[in-house]
Amino acid sequence: MLYQPPLPSPYPNLSETELLARIHAARKSLGEEVVILTHHYQRPEVVPLGDAIGDSLKLAQFAASQTRAKYIVFCGVHFMAESADILKTGNQVVILPDLGAGCDMADMADVDMVSKAWDDIVPVVGEENIIPVTYVNCTAALKAFVGLKGGIVCTSTNAQKIITWAFQQRKRIIFFPDQHLGRNTCYKMGIPLPEMRIWDPALVQGGLSKEDIVSTRVFLWKGHCPVHLQFTSQQVDALRVKYPNIQIIVHPECDISVVEKSDFSGSTEYIVKMVSDSPAGTHWGVATEANLVARLAKENPDKTVESVNRFKCLCSTMNRIDLKHLSWTLDNIVAGTPQNIISVSEPTRSFAKQALLRMLQMS
Ligand code: 13P
Ligand code: SF4
């Protein structure tokens, strides 16, 4: 995670009303020079300020297609801003309002550890028999590694399609950094659990014997989302006992025991659509980040929407982006001194772009 210095005066002491007034004034003066992208997990006061609101795939597609604005202000986390910078079509400047907005899961797959794993596996199975696939929640350096090896990026929306493609290329895959999205998707595709093995980068040879490596079809990097692992199958059971008609919808970053007990699983955009399109009176138990669950409850007053975990599960890094940082960011653009520019350098950019474009061409 990068360090974000404290904001200068007056931002820390401004009220929400003052901040919103400043944000609207800055946007007016910038006009079409700026677009704001907001991920579904952003704070409730930040989400409506987005010109586009969506999941990782939708926002990446937006960044890849928009040509109008000079500045793309990304209200999300660091890997999303990096992807926007890699995919932008011109000389746009991508800005992350708080540099501390990282992703714990992305930090779990360091590219040097990934290279070491590759160097351990490839001599055993042969490079022609394995392809790397990475969830978009990873560093640009890891996307570049994957691009260089002929692999591909996926999101929670298109994971099944992308993994199907990967298996058409080679016999085995290694999936980074989220073991849960990898396992849940491959299991849905009919791959038996014993043919998937965890690669633990802290252990010699990932914790696997040569025989294990040879008999593995899916290597799952030992990474996870700390937010989504707070949901358990016991919580799902308890809700079903209490409310027999409840429908459970979960994000595929949850453990397989939760996903297998759910009625539906999919990306944040899928969850939003499913709940919004459901009939009045429907009752939903949702296993994903707290800001999104609270927003769904508010935007669907004719339905009951609650978190599967009653203590709620906040993504603290997503939550770092607030009106204070957004106001400071926009004022700096107006002043001609943009801060927090996210710029991926070569050759990382080109190789990462190959892996991202392979995905976008299939989406
Ligand atoms: P989505 O692509 O479903 O929005 O997921 C992003 C994410 O970080 C979920 O934790
Ligand atoms: Fe990363 Fe999990 Fe936060 Fe999503 S919810 S940004 S995977 S830490």
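Definitions and cut-offs
Residues numbered from 1 in each chain as written. Chains lettered and ligands numbered in written order. Predicted model: local features only at pLDDT ≥ 70, side-chain atom pairs only at ≥ 80, totals over all residues. Heavy atoms only, no water. Helix = DSSP H or I, 4+ residues; strand = E, 2+ residues; numbered from the N terminus. Buried < 20%, exposed > 50% of the residue type's maximum accessible area, 1.4 Å probe, protein only. Contact = heavy atoms within 4.5 Å. Polar contact = N/O pair within 3.5 Å; in protein donor to acceptor, adjacent residues only side chain to side chain. Pairing = 2+ DSSP bridges. Near = heavy atom within 4 Å. Nonpolar A, V, L, I, M, F, W, Y, C, P; charged D, E, K, R; others polar. Axes fitted to C-alpha atoms, helices over the stretch in contact; angles between N-to-C directions. pLDDT = per-residue confidence, 0-100. Salt bridge = Lys/Arg side-chain N within 4 Å of Asp/Glu carboxyl O.

**Structural notes on the overall build of the protein chain**
- A tally of helices and strands in the protein chain yields 14 helices and 13 strands.
- Each of the three principal axes of the protein chain carries a C-alpha extent, and together these read 65 × 55 × 35 Å.
- Evaluated residue by residue, the protein chain yields a buried proportion of 56% over its 363 residues.
- Restricting to contacts in the protein chain with at least 6 residues of sequence separation, those with at least 24 account for 68%.

**Concerning the side chain of R27**
- With respect to the helices and strands, R27 occurs in helix 1 (residues 16–30).
- Of note is the side chain of R27, whose polar atom sits 2.8 Å from the backbone oxygen of L49.
- Engagement of the side chain of R27 in a polar contact is seen with the side chain of D51, the distance being 2.8 Å.

**Digging into the pairing of strand 7 (residues 172–176)**
- Where burial is concerned, most of strand 7 is hidden: 5 out of the 5 residues are buried.
- In strand 7, alternate side chains face the same way, and those of R172, I174 and F176 on one face and I173 and F175 on the other are all buried.
- Pairing analysis gives 3 bridges linking strand 7 to strand 9 (residues 218–221), with the strands arranged parallel. Bridging across to strand 9, F175 finds its partner in L220.

**A closer look at the site of ligand 1**
- Around ligand 1, the neighbouring residues are H39, Y41, D55, S56, Y135, N137, S156, H228, H251, E253, S267 and T268.
- One of the side-chain nitrogen or oxygen atoms of E253 is found 2.9 Å away from an oxygen atom of ligand 1.
- For ligand 1, an oxygen atom lies 2.6 Å from a polar atom in the side chain of T268.
- Grouping the amino acids of the shell around ligand 1 by side-chain chemistry returns 2 nonpolar, 8 polar and 2 charged.

**Overview of the site of ligand 2**
- The local shell around ligand 2 consists of Y41, C103, D104, M105, N137, C225, V227, E253 and C315.
- Tallied by class, residues from the shell around ligand 2 come to 6 nonpolar, 1 polar and 2 charged.

**Brief notes about unusual backbone geometry**
- A cis amide bond links S9 with the next residue in sequence, P10, at an omega value of 5°.
- With respect to the secondary-structure elements, P10 resides in the segment before helix 1.
- For the peptide bond that leads from E346 to P347, omega is 0°, which places it in the cis range.
- Structurally, the position occupied by P347 is in the loop between helix 13 (323–334) and helix 14 (348–362).

**Some details on helix 6 (residues 159–169)**
- Looking only at helix 6, the buried set comprises A159, I162, I163, W165, A166 and F167.
- Looking at the buried positions of helix 6, the neighbouring elements they touch are strand 5 (130–135), strand 6 (152–154), strand 7, helix 7 (179–188), strand 9 and helix 14.

**Observations concerning the sheet that holds strand 4 (residues 93–95)**
- Strand order in this open sheet of 4 strands is 2-1-3-4, and the pairing throughout is parallel. Bordering the open sheet on either side are strand 2 (52–54) and strand 4, each of which pairs with just one other strand. Going from strand to strand, the sheet's axes swing by 20° on average, the running direction of each strand aside.

**With respect to the pairing of strand 1 (residues 34–39)**
- Taken across its 6 residues, strand 1 has 6 buried, putting it largely inside the fold.
- Burial along strand 1 is two-sided: the face carrying V34, I36 and T38 and the face carrying V35, L37 and H39 are both buried.
- Summarising the sheet, strand 1 and strand 3 (residues 71–75) pair through 5 bridges and their orientation is parallel. By the bridge assignment, V35 is partnered in strand 3 with I72.
- Relative to strand 2, strand 1 runs parallel, the two sharing 3 bridges. In the strand pairing of strand 2, H39 is matched with G54.

**Describing the confidence of the model for the protein chain**
- Put simply, the protein chain has an average pLDDT of 97, and 100% of its residues get 70 or more.
- Between the elements of the protein chain, mean pLDDT differs from a low of 92, seen in helix 2 (residues 56–65), to a high of 99, seen in strand 9.

**Notes on the pattern of salt bridges**
- In the structure shown here, the tally under the stated rule is 16 salt bridges.
- For D51, the salt bridge goes to R27, with nearest N and O atoms at 2.8 Å. Residue D51 is located in the loop between strand 1 and strand 2, and its partner R27 is located in helix 1; the two are separated by 24 residues in the primary sequence.
- Judged by its relative accessible area of 41%, D51 is partly exposed.
- Close ionic contact of K273 with D277 constitutes a salt bridge, the shortest N to O distance being 2.8 Å. You can see K273 and its partner D277 sitting in helix 11 (residues 268–277), 4 residues apart, about one turn around the helix. Both residues of the pair, K273 and D277, count as exposed.
- Each of the salt bridges in this network shares a partner with another, and the network as a whole consists of D85, K88 and R349.

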